[in-house]
Amino acid sequence: MLLENERTEVVRVLKEMQRLGLVVGTAGNVSVRVGDQVVISPSGMEYGEMEPADVGVHDLDGNPVDARYAPSSELPLHLSVYRATDAGAITHNHAPASTALSVVVDEVPATHYYSSMFGGPVRVAPYATFGSDELATNVADALKDRSGALMSNHGALTIGPTLAKAYNLLPYLEYICEVQLRAMAATAAPGTSIKVLSPELLAEAGSGLKNYGQSK
Ligand SMILES: [Zn+2]
């Protein structure tokens, strides 16, 4: 099967997203780019029943190369991000905290140092209809020098050199959005305000995180 490893990985990641509560129903899609071909999850299929052969391969213009089902309706979004960035993979979902925050702010303030994982404060791409070229352009702009973005009144998206790396960021994006929402709610109390990290402190955290973990 063409790109069997990538198709298998797409199914694995979708099931994991569902298990962790990062998707509502089948409202999540992931893709991997290999050269001028894109492996992307099919449209509206129950993840539990999905097999690698159900995941299609398309070219960068969206034409099917090897696909038994229609691709995710958000294929144009994925294709635009690949054209505008050097991403090797994309994950996208409609998780509650990132979606809720996307309707109130234009940028996720750097309240938690995990923002440094995304290259700085995560931007919110202005709303446009799903599947539209306008949305794709807005998201590509929001991703400039960033590995994640929110999509206003819609959801969240992460990119990375591999699907594992793009997917690894998704729970952290949901987490910093959840923290920000709770902090905003807490400032309803008199005399409280949100403390935001300076760009310098964020950059310092970013270089620390690069060296974090066990060296092998
Ligand atoms: Zn979406």
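Before going into details, it helps to say that this report is about the structure given with it. This structure is a prediction, so every number in the text was calculated from the model and none was measured. (Residues numbered from 1 in each chain as written. Predicted model: local features only at pLDDT ≥ 70, side-chain atom pairs only at ≥ 80, totals over all residues. Heavy atoms only, no water.)

## Some words on the coordination of the zinc ion
- In this structure, Glu74 (OE), Glu74 (OE), His92 (NE2), His94 (NE2) and His154 (NE2) serve as the protein donors to the zinc ion, at separations of 2.0 to 2.4 Å.
- On the primary sequence, the residues serving as donors to the zinc ion are separated as E-x17-H-x1-H-x59-H.
- For His92, a relative accessible area of 0% puts it in the buried group. (Donors = N, O, S within 2.8 Å, 3.2 Å for Na, K, Ca; no water. Buried < 20%, exposed > 50% of the residue type's maximum accessible area, 1.4 Å probe, protein only.)

## A look at the nonpolar core
- The biggest cluster of nonpolar side chains holds 21 residues, and the ones touching the most others in it are Val10, Leu14, Met17, Val30, Val39, Met50 and Leu163.
- Elements represented by at least two residues in this core include exactly α1 (4–19), β1 (28–34) and α5 (163–186).
- Each residue touching Met50, except ones within four places of it in the same chain, is listed here: Val11, Leu14, Lys15, Pro42, Met45 and Val55.
- Core analysis: the second largest hydrophobic core is formed by 20 residues, Leu79, Val81, Leu135 and Val139 among them. (Core = buried A, V, L, I, M, F, W, Y, C linked by side-chain atoms within 4.5 Å. Helix = DSSP H or I, 4+ residues; strand = E, 2+ residues; numbered from the N terminus. Contact = heavy atoms within 4.5 Å.)

## A closer look at unusual backbone geometry
- Positioned with a positive phi, Asp145 is a non-glycine residue whose angle comes to about 60 degrees.
- Along the chain, Asp145 turns up in the loop between α4 (133–142) and β7 (148–151).
- One non-glycine residue, Asn153, adopts positive backbone phi at about 55 degrees.
- With respect to the helices, strands and loops of the structure, Asn153 is situated in the loop between β7 and β8 (155–160).

## Focus: the pattern of salt bridges
- One pass over the structure, following the stated rule, counts six salt bridges.
- In this structure, Arg7 engages Asp66 in a salt bridge whose closest nitrogen and oxygen atoms are separated by 3.1 Å. Placement of Arg7 in helix α1 and of Asp66 in strand β4 (residues 64–66) is noted, with a sequence separation of 59 residues between them.
- A salt bridge links Asp145 to Lys144; the nearest nitrogen and oxygen atoms lie 3.7 Å apart. The residues Asp145 and Lys144 share a single accessibility class, namely exposed. (Salt bridge = Lys/Arg side-chain N within 4 Å of Asp/Glu carboxyl O.)

## A word on the sheet that holds β1
- Reading across the sheet, the eight strands line up as β4-β3-β2-β1-β5-β8-β7-β6 and stay open at both edges, with mixed pairing between neighbours. Strands with a single pairing partner mark the edges of an open sheet, and in this sheet they are β4 and β6 (124–125).
- Across the sheet, helix α2 (residues 75–84) touches β1, β2 (37–40), β3 (56–59), β5 (89–93), β7 and β8, and the angle it forms with β1 is around 40 degrees.
- Each of β1, β5, β7 and β8 touches α5; the most contacted strand, β8, lies at about 145 degrees to it. (Pairing = 2+ DSSP bridges. Axes fitted to C-alpha atoms, helices over the stretch in contact; angles between N-to-C directions.)

## Some words on the packing of α1 against α5
- For the pair α1 and α5, the least separation of the axes is 11 Å and the interaxial angle reads 10 degrees. By the angle between their directions, the pair α1 and α5 is classed as roughly parallel. Each of Glu9, Val10, Val13, Glu16 and Met17 in α1 lies in contact with α5, whose residues at this interface are Leu163, Ala164, Tyr167 and Leu170.
- For the contact of α1 with α5, a count of residues per class yields seven nonpolar, no polar and two charged. (Parallel < 35°, antiparallel > 145°, perpendicular 65-115°, else oblique. Nonpolar A, V, L, I, M, F, W, Y, C, P; charged D, E, K, R; others polar.)

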